[in-house]
Amino acid sequence: MTGLAPIDGLVVLAILAKAIGYGAALLAMGGVLFSVVFAKHAEASVLRLAKQLAVCAALVGLAVLAIRFGIRAARISGMGFDGATDPMMLGFVWESPLGTAAIWRGIGELAILAILLPRFGHWISLVGSVAIATSFAQVGHALGEPRSALAVLIVLHLLAAAFWVGALIPLRRAALAPDGADLLHYFGNLAAGGVAALILAGTSLAWLLSGSTTALFGTAYGLALLVKVAIVAVLLGFATWNKLRLVPALRSQKPGAVHALRRSISMEIMAVALILLATATLTSVTTPPVNL
Amino acid sequence: MIKQTLLGLTVVVAPALAFAHSKSEATTPADGATVTEVPELSMRFDDPMRIISVTLTSPDGDVEIERETGMDPATEFRALPLEELAPGSYRFDWRGMASDGHPMQGSFSFTVAE
């Protein structure tokens, strides 16, 4: 397999930690986006859930950030787990692009906590969301050329993904609320644009990093990307089914509609978890074909 | 349990993998070469690499080497064997970090003949 790095126990841990970090970042950004965009459409308990979700995710994100520093230090040290607390190794990680990204991510996740503050709190947390998205443009192959295009695409890809992922749990709750169907319908209309932006940005990134279609089939990066895209297709299937069938059924108060929609959203959440795992694998152990 | 699972995963996955990421760097001795003497061990990278740990192993165990290149990122790494290498097979392993922050590792092997 071309472009696949060796995988050992530490690498598996690194991938898991990265996937959890992705999830935390998306939920933190998405919880904020949800509570701002749907401030006037969602009922209080749903908005409260979105804010709680953002805060919890931001705290988990901060913890995972610290853990990832340790794992990275251990990986580069060649000393195994002892390297995780070695000041010199941690210093090397801090000096690397991961250090820069960690500053953006850490400040962003702290700013997310401002969602709990009255008045200007949501503005601070929105800035935090953009800072988190920007942190992803500071590491790895996002630093390649054309750098500004890659950065804009990644930030766009992440904000659109966060809008979707962060809305799933609040929407699952909203399905139980009396006016929930209207919120779900409204979300469906907004999400159509968001998903288009997500796919467009993702495809452009994949094209810039792959260089050619043939590279997708002969490299580890291409294979992992195809696995990711396949799960995304399943996710899109659920989302479309929800929008076209289950939400209209909920609006017309068909029996069993609430249960069917909530179950379908749960499946979406599982698909997202798999996508994050695939993405963490993609960005940890494979090399984009343009860099081979 | 977790450790065993991870170890199991490593054993299952590892043989299918080949090293990549940094472009095929030239090494001295070359990977797979048979040489009569090893005055130095060196590697070249197309992009500065921070080499952090290096080990030279023979079937008898670790062989002491002295680094000439420090831990700052460099495109060329050099190390010297402290003593003349006895005939046998050797493997050089390294770990480090690429300039984009990716943890990197690699190895090359060679044989010293009489």
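The structure presented is a predicted model; accordingly, all values stated were derived computationally and were not measured.

**Student:** It is not clear to me how the overall build of chain A should be interpreted in this structure. Could you clarify?
**Tutor:** Each helix and strand in chain A was counted, giving 10 helices and zero strands. For chain A, the sequential pattern of α-helices and β-strands runs α-α-α-α-α-α-α-α-α-α. Radius of gyration (C-alpha) of chain A: 20 Å, near the 19 Å computed for a compact globule of 292 residues. If one aligns the C-alpha atoms of chain A with their principal axes, the spans along those axes are about 60 × 45 × 35 Å. Counting over 292 residues, chain A shows a buried share of 49%. Sequence-distant contacts, at least 24 apart, represent 73% of the contacts inside chain A between residues at least 6 apart.

**Student:** Explain the overall build of chain B here, please?
**Tutor:** Regarding its fold elements, chain B presents one helix and eight strands. Across chain B, the fraction of contacts at a sequence separation of at least 24, relative to all contacts at a separation of at least 6, is 57%.

**Student:** I'm lost on the packing of helix α6 (residues 147–174) of chain A against helix α7 (residues 180–210) of chain A in this one. Help?
**Tutor:** Residues and elements named next belong to chain A. For the pair α6 and α7, the least separation of the axes is 8 Å and the interaxial angle reads 150°. In terms of orientation, α6 and α7 fall into the roughly antiparallel class. The element α6 and its partner α7 pack so that their crossing is left-handed. Counted by class, the contact of α6 with α7 contains 22 nonpolar, five polar and no charged residues.

**Student:** Explanation requested: helix α9 (residues 220–251) of chain A in the structure shown.
**Tutor:** Counting along an α-helix, one turn takes 3.6 residues, and residues three or four places apart therefore face a common direction. All names here are of chain A. Across its 32 residues, α9 extends 45 Å between first and last C-alpha, which sits within 8% of the 46 Å expected from 1.5 Å per residue. N242 marks where α9 bends most, by close to 45°. Turning to α9, its buried residues are A220, Y221, G222, A224, L225, K228, L235, A239, N242, L246, V247 and L250. Where α9 is buried, its residues touch α7, α8 (214–218) and α10 (257–285). Immediately beyond the C-terminal end of α9, within one or two residues, lies Q253, with a positive phi of roughly 55°.

**Student:** Even after reading the chapter, I still don't get helix α5 (residues 121–135) of chain A, so can you show me in this structure?
**Tutor:** Residues and elements named next belong to chain A. Given a rise of 1.5 Å per residue, 15 residues ought to cover 21 Å, and the 21 Å separating the end C-alpha atoms of α5 matches this to within 8%. Of all the positions in α5, only S125, G128, S129, A131, I132, A133 and S135 are classed as buried. Against the buried residues of α5 lie α1 (9–37), α4 (97–112) and α6.

**Student:** Looking at this structure, how should I read the nonpolar core?
**Tutor:** General note: in soluble globular proteins, nonpolar side chains tend to be found buried as a group. Residues and elements named next belong to chain A. By size, the foremost hydrophobic cluster in this structure holds 117 residues, and its most contacted members are A28, M29, A54, A162, W164 and L184. The element that contributes the greatest number of residues to this core is α1, accounting for 17 residues. When residues no more than four places from it in sequence are discounted, the contact partners of A54 are L27, A28, G31, V32, I112 and I115.

**Student:** How do you make sense of the confidence of the model for chain A when you look at a structure like this?
**Tutor:** A low pLDDT score tells you not to read the predicted coordinates there in detail. Of the residues in chain A, 100% reach a pLDDT of 70 or more, and the chain-wide mean stands at 93. Of all secondary-structure elements in chain A, the lowest mean pLDDT belongs to α8 of chain A, at 82, while α5 of chain A reaches the highest, 97.

**Student:** I would appreciate a short explanation of the packing of α7 of chain A against α9 of chain A in the present structure.
**Tutor:** When two helices pack together, their arrangement is given by the angle between their axes and by how far apart the axes lie. All names here are of chain A. Look at α7 against α9: their axes get within 11 Å of each other, and the N-to-C directions meet at 165°. Relative to α9, the element α7 is oriented roughly antiparallel. The hand of the α7/α9 crossing is left-handed. Together, A181, L184, H185, G188, A206 and S210 of α7 and G222, L225, K243, V247, L250 and R251 of α9 make up the contact between the two elements. When its residues are assigned to classes, the contact of α7 with α9 shows six nonpolar, four polar and two charged.

**Student:** What is the right way to look at the environment of L13 of chain A in this model?
**Tutor:** Residue and element names in this part refer to chain A. Within the fold, L13 resides in helix α1. Here L13 falls in the partly exposed class, since 19 other C-beta atoms lie within 10 Å of it. Spatially, the C-alpha atoms of L13 and T203 are 28 Å apart, while their sequence positions differ by 190 residues.

**Student:** Quick question: what am I supposed to make of the pairing of strand β3 (residues 41–58) of chain B here?
**Tutor:** Consecutive side chains along a regular strand alternate between the two faces of the sheet. Residue and element names in this part refer to chain B. As paired strands, strand β1 (residues 27–28) and β3 are joined by two bridges and run antiparallel to one another. Residue pairing across strands places T27 opposite M43, the latter belonging to β3. Taken together, the eight bridges between β3 and strand β7 (residues 88–98) define a ladder with antiparallel strand orientation. Across the sheet, R50 pairs through a bridge with M97, a residue of β7. Relative to strand β4 (residues 61–63), β3 runs antiparallel, the two sharing three bridges. Directly across from T57, in β4, lies its bridge partner D62. Between β3 and β4, which pair antiparallel one after the other, the connecting turn spans two residues.

Rules used in this analysis
- Each chain carries its own residue numbering, running from 1 in the written order of its sequence.
- Starting at A for chains and at 1 for ligands, labels are handed out in the order in which the entities are written.
- Restriction of local features to residues with pLDDT of at least 70 applies here, the model being predicted, together with a cutoff of 80 or more for giving and counting side-chain atom pairs; totals for whole chains, interfaces and linings are based on all residues.
- Put simply, DSSP H or I for four residues or longer makes a helix, DSSP E for two residues or longer makes a strand, and each gets a number counted from the N terminus.
- Restricting the calculation to C-alpha atoms gives the radius of gyration, and the globule rule supplies 2.2 Å times the number of residues raised to the power 0.38.
- Residues with at least 20 other C-beta atoms within 10 Å of their own are called buried, those with 12 or fewer are called exposed, and the rest are partly exposed. The C-beta atoms themselves are positioned from the backbone.
- Think of it this way: build a C-beta for each residue from its backbone, and any pair within 7 Å is a contact.
- Axis geometry follows a simple rule: fit a line to the C-alpha atoms, using only the stretch in contact for helices, then measure angles between N-to-C directions, giving values from 0 to 180 degrees.
- Geometric relationships in this document are graded by angle, where less than 35 degrees denotes roughly parallel, more than 145 denotes roughly antiparallel, 65 to 115 denotes roughly perpendicular, and other angles denote oblique.
- Should the near helix be turned anticlockwise from the far one by less than a right angle, the crossing is left-handed, and should it be turned clockwise, the crossing is right-handed.
- Charged means Asp, Glu, Lys or Arg here, nonpolar means Ala, Val, Leu, Ile, Met, Phe, Trp, Tyr, Cys or Pro, and polar covers whatever is left, Gly included.
- To estimate how far a helix should extend, the number of its residues minus one is multiplied by 1.5 Å.
- To obtain the bend at a residue, axes are fitted to the seven residues ending there and to the seven starting there, and the angle between these axes is taken.
- Here, a nonpolar core means buried Ala, Val, Leu, Ile, Met, Phe, Trp, Tyr and Cys residues linked by C-beta atoms lying within 7 Å of one another.
- pLDDT expresses how confident the predictor is about each individual residue, on a scale running from 0 to 100.
- Should DSSP find at least two bridges between two strands, the strands are taken to pair.

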